[in-house]
Amino acid sequence: MASTFFSPRKRIFALVIAVFLLAIGFLAVKVSAQDQSSSTLADRLKRRGVPVSEVKISSRLPFELNVTLQSKSATTAFTNEDSWNALLTEHELRLANQNGVKLNSYTVRMVNANGKEIAKHQSFLDEPGKPASTPVSFVVDNARAEEKIKTLLQPGEIRLTLIQVSSDAIEGKNAQILLVQGSVTDKDAANRSLLSFLDSFKDVLNKPMPEAAMYIPLGRARITDSQGQQILDYAIDCQTGTELFSIAPGVTNSFFPHPPAMDVPPSPALETTGIPQPSSAYPVLTPTRIYP
């Protein structure tokens, strides 16, 4: 009886069953982890105020996510909010990859108020990125950070109308977001001032400054002319190494490798969020330069 039970055929069968059960268990754990990752992503985006309408797993092997964002636009044109929301979405997706989610690719779609797709971008992540910056141990203070930034920025002929530091919706007391708005008289004045201004703007980012209670991984600068027309919209995510911008024709490009040639729509009023882009393009999800 014992010799029958331990016969080679039955031992092989038992081994196959054991391997099969282990594979089933592994897949079940993997599926559960992927479901949790998509749910966590949706929650983090909502906490950031991003109008995410769906986070869908389009493939489990390789692991692919499809994120749909809702625009308030009723046409194919973007609103001032759309590009900023796209940047925050990319920020969260790439941080998830850096933090061990093992995401192979993702697609971000933008639909307008009528449900029509107005933009779509797919990005492949062959390998996990560099580990994200660790939140600082000290508690940040927005008011102190704003006072410090006023002494560090070099606006030149740009008249700064707003320097706003806000607490990061996810990191809370350990990270901040910087918004700077300003205006110049014309493009000539912009060409004389933008290089030094942007250098000083980037220099205050991603550097823990406990003496100023400041740590700012995300920053955005919007500059208009005296008529409210957009000169530059610039955003940087230091944690994922993404710089995004749109620039008015005739403005210097010495501080960018190859800025896209695009017509900039009128900006009658400067808003506190959003990076407007022309309706004919969706460059926001394509990094133009890696932040060193």
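Residues numbered from 1 in each chain as written. Predicted model: local features only at pLDDT ≥ 70, side-chain atom pairs only at ≥ 80, totals over all residues. Heavy atoms only, no water.

Visitor: Kindly report on the packing of aromatic side chains, identifying the contributing residues and their values.
Guide: Applying the stated rule across the entire model yields 2 aromatic pairs. An angle of 35 degrees between the planes, with centres 6.1 Å apart, marks the rings of Phe197 and Phe201 as tilted. Linking Phe197 with Phe201, this pair stays in helix H5 (residues 187–203), spanning 4 residues, or about one helical turn. For Phe201, a relative accessible area of 0% gives the class buried. Their ring planes at 75 degrees and their centres at 6.1 Å tell us that Phe201 and Tyr234 sit as a pair that is edge-to-face. One end of the pair, Phe201, is in helix H5; the other, Tyr234, is in strand S8 (residues 230–237), and 33 residues separate them in sequence. Its relative accessible area of 1% is what places Tyr234 among the buried residues. Grouped by ring-pair contacts, the aromatic residues Phe197, Phe201 and Tyr234 constitute a single cluster. (Phe/Tyr/Trp six-rings, centres within 6.5 Å; stacked < 30°, edge-to-face > 60°. Helix = DSSP H or I, 4+ residues; strand = E, 2+ residues; numbered from the N terminus. Buried < 20%, exposed > 50% of the residue type's maximum accessible area, 1.4 Å probe, protein only.)

Visitor: If you had to explain the environment of Ile247 to someone new, which residues and values would you point to?
Guide: Of note, Ile247 is situated in strand S9 (residues 242–247). When the C-alpha positions of Ile247 and Leu232 are compared, they lie 4.6 Å apart, and in sequence the two are 15 residues distant.

Visitor: Account for unusual backbone geometry, naming residues and giving values.
Guide: Put simply, Leu61 and Pro62 share a cis peptide bond, and its omega is 0 degrees. Mapped onto the elements, Pro62 comes out in the loop between strand S1 (52–60) and strand S2 (63–70). The backbone phi angle of Asn206 is positive, close to 60 degrees, even though this residue is not glycine. Mapped onto the fold, Asn206 is located in the loop between H5 and strand S7 (218–225). What makes Asn206 partly exposed here is its relative accessible area of 22%. Its identity as a non-glycine residue notwithstanding, Ala213 has a phi of 50 degrees, on the positive side. Along the chain, Ala213 falls in the loop between H5 and S7.

Visitor: Kindly report on the environment of Lys120, identifying the contributing residues and their values.
Guide: Here Lys120 lies in strand S4 (residues 117–124). A residue is classified by how much of its surface remains accessible, and Lys120, at 52% relative accessible area, is exposed. As a C-alpha pair, Lys120 and Met110 span 10 residues in sequence and 6.3 Å in three-dimensional space.

Visitor: So, the side chain of Arg48: which residues are in play, and what are the values?
Guide: For Arg48, the location among the structural elements is in the loop between helix H2 (8–47) and S1. Taking relative accessible area as the criterion, Arg48 reaches 13% and is therefore assigned buried. Excluding anything up to four places from it in sequence, Arg48 contacts Leu88, His91, Glu92, Asp168, Ala169, Ile170, Ile177 and Leu218. (Contact = heavy atoms within 4.5 Å.)

Visitor: I'd like to hear about the side chain of Ser200, residue by residue, with values.
Guide: Structurally, Ser200 is set in helix H5. On the basis of relative accessible area, Ser200 is assigned to the buried category, the value being 6%. Engagement of the side chain of Ser200 in a polar contact is seen with the backbone oxygen of Phe197, the distance being 2.7 Å. (Polar contact = N/O pair within 3.5 Å; in protein donor to acceptor, adjacent residues only side chain to side chain.)

Visitor: Help me get a handle on the sheet that holds S4, residues and values and all.
Guide: Reading across from one edge, S1-S2-S3-S4 is the order of the 4 strands in this open sheet, with mixed pairing throughout. Because the sheet does not close on itself, it has two edges, and the strands there are S1 and S4. Shown here is a sheet whose adjacent strand axes are inclined to one another by a mean of 15 degrees, direction ignored. (Pairing = 2+ DSSP bridges. Axes fitted to C-alpha atoms, helices over the stretch in contact; angles between N-to-C directions.)

Visitor: An account of the pairing of S8 is needed here, citing residue identities and associated values.
Guide: Extensive coverage of S8 is indicated by the burial of 8 of its 8 residues. Across 7 bridges, the pairing between S7 and S8 is antiparallel. Residue pairing in the sheet places Gly219 in a bridge with Ile236 of S8. Count of turn residues in the S7/S8 antiparallel hairpin: 4 residues, of which Gly228 carries a positive phi of about 85 degrees. Sheet topology note: the S8/S9 ladder contains 6 bridges and is antiparallel. Across the sheet, Ile236 pairs through a bridge with Glu243, a residue of S9.

Visitor: Now, about the pairing of S1: what can you tell me, with residues and values included?
Guide: Alignment of S1 against S2, held across 7 bridges, turns out to be antiparallel. For Lys56, the partnering residue across the bridge sits in S2 and is Asn66. Linking two consecutive strands that pair antiparallel, namely S1 and S2, is a turn of 2 residues.

It is worth stressing that arrangement in space is one thing and function is another; only the former is reported here.
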